[in-house]
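Residue-level structure breakdown
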Amino acid sequence: MYWIGFDIGSSSIKVALIKASNGAVKDIIQEPKKEMPIDSAHIGWGEQNPELWWKYACLATQQLISKNSIDKNSIKGIGISYQMHGLVVVDESLEVLRPSIIWCDSRAVDIGEQLFQSSGEQKCVSHLLNSPGNFTLSKLKWVKDNEPELYNKIYKFMLPGDFLAMKLTGSCVTTPSGLSEGIMWDFKENKVANWLLEDAGIDPSLVPEIRPSFSEQGRVSKKGGEESGLPEGIPVMYRAGDQPNNALALNVMEPGQIAATGGTSGVVYAISGQKKTQEHTRINSFAHVNHTNDKIRIGKLLCINGTGIQYNWVRSEISSGLSYDTMNQQADSVPIGSDGLHILPFGNGAERMLNNINKGSRILNVNFNVHKAPHIYRAALEGIAFSFVYGMEILKNDGVDISSIKAGNDNLFRAGIFSKTIATLSNSKIDIVETTGAVGAARAAACAFGDFASIGEATASDKIEQTYTPNASTEAYQEAYQAWKNNLNEYIEN
């Protein structure tokens, strides 16, 4: 018997099959092979057709079943992970009314700021743990203000994962975790923030039915089964946004634990046991997948735009196309601190953790008699690592007591300089684990059904690929970080 997990990204759809007996991965299929298009009719816009997600989810599911020669009736149920903060709207016939306004779309920034002021900054922070920002509610208000005839046809609004579940089951359902990422969940009252919806002029009846993240959220309909290739009647048992789900996939569930990713951008997602924040302008706080009013589990998300994209730029523009492994080896020949060469890796848009400063990257203190290409490679890795450490200091200031760090096996965390620098400066070991969001979603569904007693048990078959421990001698790291931070402060002030 098996469980199936979906991960709806903006680039592709991944579908994973795991064994119900031990959580081991049977196979993973990704569609399309090339990235899905993101439409941008205006600068700062980003839209996708939700039906495209469904098309590729069905195609990947059918391939997964066929490739592995399994009986579809051996699939017990479904878990769903999805790109956060998107907006999907449907009419009473459950037909999509317009393209989804996805996570990278910035059209609603001003609307979010206006709501923050009109609804009251203190109330938003104490009840929502966030400003409304450029999230799902603000995007829905944009539709109301700019497409009123279309808004009047809306039956329900949804997040991307809710849409996929609707296509499978024929029902519109969401979760507290999902509503919190759309900035619509009142943590003080433990219910939908109807006061904020009303301030925005949004009818609260547009909110879908609410179910816990770990629960039965509908069963595959006849139509959903025919189109996807899945058996009719199996349950959707779990759904969550990609960052909470990535944390779950790494078994990051308790206060003090951190899930980190180092892709094009970098994310530090920390679990807190407190419903409060004082860093709401630099980080976001969402209900983690296991949050309840009685057992507080808040996911504090810090994003760094210029991480992997910067190292990729160094590789393509400076290294003459060397492999990352070769760059990392050459960087190892340079001492800690890169002989004074520093790089500020903030060249991929406005950085929220720097209060939305967008001044580009900086390469500082170049000495033509000293610095060679390997210095740039090391300074690039150190600059990204220092950015992660700087972000963790913000999280600590927001009440996070870091106890452990886990990360996926991506290019940055495979670089010893990068991981060793973070481990030493944060005084935390880093475990590198090979897993994916789709696998995590499948395991979470199995756990919700009762096949596993905990996420820890469901992920027990995962291997720790590598562990980085803090260096016993920290002085050189501390000196290099402080010098880098001095440069950062000048960057911010000027």
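Just above, that's the structure.
Scope of this entry: the structure provided in the associated data block. (Residues numbered from 1 in each chain as written. Predicted model: local features only at pLDDT ≥ 70, side-chain atom pairs only at ≥ 80, totals over all residues. Heavy atoms only, no water.)

1. As for the overall build of the protein
Stated precisely, the cut-off is as follows: Strands are runs of DSSP state E lasting at least 2 residues, helices are runs of H or I lasting at least 4, and numbering of each runs from the N terminus. For the radius of gyration, the atom set is restricted to C-alpha positions; the globular benchmark scales as 2.2 Å times the number of residues to the power 0.38. A simple rule labels every residue: compare its accessible area, found with a 1.4 Å probe on the protein chains alone, to the largest value its type can have, and call it buried under 20%, exposed over 50%, or partly exposed in between. The contact definition used throughout considers only heavy atoms, calling two residues in contact when any of these lie within 4.5 Å. To be clear on the numbers: accessible area is Shrake-Rupley with a 1.4 Å probe, and residue cover counts the displayed protein chains and nothing else. By the counting rule applied here, Lys and Arg register as positive and Asp and Glu as negative, while His and the ends of each chain are not counted. Charge positions are represented by NZ for Lys, CZ for Arg, CG for Asp and CD for Glu.
Broken down by element type, the protein carries 18 helices and 22 strands. Relative to the globule expectation of 23 Å for 494 residues, the C-alpha radius of gyration of the protein, 22 Å, shows essentially globular dimensions. For the protein, the residues scored as buried account for 58% of the 494 residues in total. At a minimum sequence separation of 6, the contacts of the protein that also span at least 24 residues come to 74%. Approximately 19100 Å² of the protein is accessible, and the part contributed by carbon and sulfur atoms is 46%. Where the 45 positive side-chain charges of the protein centre and where its 54 negative ones centre are 3 Å apart.

2. Considering the sheet that holds strand β20 (residues 404-408)
Stated precisely, the cut-off is as follows: Note: two strands are recorded as paired if DSSP finds a minimum of 2 bridges between them. Each axis is a line fitted through C-alpha atoms, and for a helix only the stretch in contact is used; angles between axes span 0 to 180 degrees, taken between their N-to-C directions.
With mixed pairing, seven strands are arranged side by side in an open sheet as β16-β17-β15-β14-β20-β21-β22. The open sheet is flanked by β16 (284-287) and β22 (464-468), the only strands paired with a single partner. The sheet shows a mean angle of 25 degrees between the axes of neighbouring strands, direction not considered. Those strands touched by helix α15 (residues 416-426) are β20, β21 (430-433) and β22, and its axis lies near 55 degrees from that of β22.

3. Here's the deal with the nonpolar core
To be explicit about the condition: Each nonpolar core is a collection of buried residues, namely Ala, Val, Leu, Ile, Met, Phe, Trp, Tyr and Cys, held together in the definition by side-chain atoms within 4.5 Å.
In terms of nonpolar packing, the biggest core is built from 54 residues, with Tyr-311, Phe-346, Phe-388, Phe-413, Phe-418 and Ile-422 touching the most fellow members. With 14 residues, the top contributor of residues to this core is helix α13 (residues 373-397). Sequence-distant contacts of Phe-413, that is, excluding residues within four places in its chain, are made with Ala-260, Thr-261, Gly-262, Phe-388, Ala-407, Gly-408, Phe-418, Ser-419, Ile-422, Ile-430, Ile-432 and Tyr-468. Judged by nonpolar contacts, the second largest core, of 48 residues, contains Leu-115, Val-143, Ile-202 and Ile-298.

4. A look at the sheet that holds strand β13 (residues 236-241)
Strand order in the open sheet made by the five strands is β3-β2-β1-β5-β13, with mixed pairing throughout. Because the sheet does not close on itself, it has two edges, and the strands there are β3 (25-31) and β13. This sheet shows a mean twist of 15 degrees between the axes of neighbouring strands, independent of strand direction. Pairing of strand β1 (residues 2-8) with strand β5 (residues 75-82), which is carried by six bridges, proceeds in the parallel orientation. Pairing of Ile-4 across the sheet is with Ile-78, part of β5. Against the sheet, helix α1 (residues 50-67) touches β1, β2 (13-19), β3 and β5, its axis set at about 140 degrees to β3. Relative to β13, helix α10 (residues 242-249) is tilted by about 115 degrees, and along the sheet it contacts β5 and β13.

5. Notes on empty space enclosed by the protein
To find leftover empty space, one rolls a probe the size of a water molecule over the atoms. For the record, the criterion: The way it works is a 1 Å grid over only the protein atoms, where trapped points that fit a 1.4 Å probe form a cavity and open points with protein on both sides within 12 Å along at least five of seven lines form a pocket, and then any residue with an atom within 4 Å of a point lines it. Grid points are joined across faces, edges and corners, and a volume is the space filled by probe spheres set on the points.
Inspection of every chain in the model, using the stated rule, returns one cavity of 30 Å³ or more. In this structure, the largest cavity spans a volume of roughly 30 Å³. In terms of lining, the largest cavity is formed by Tyr-324, Asp-325, Asn-328, Asn-411, Arg-414 and Ala-415. Put simply, the parts of the chain that give the lining of the largest cavity at least two residues each are α12 (324-331) and α14 (411-414).

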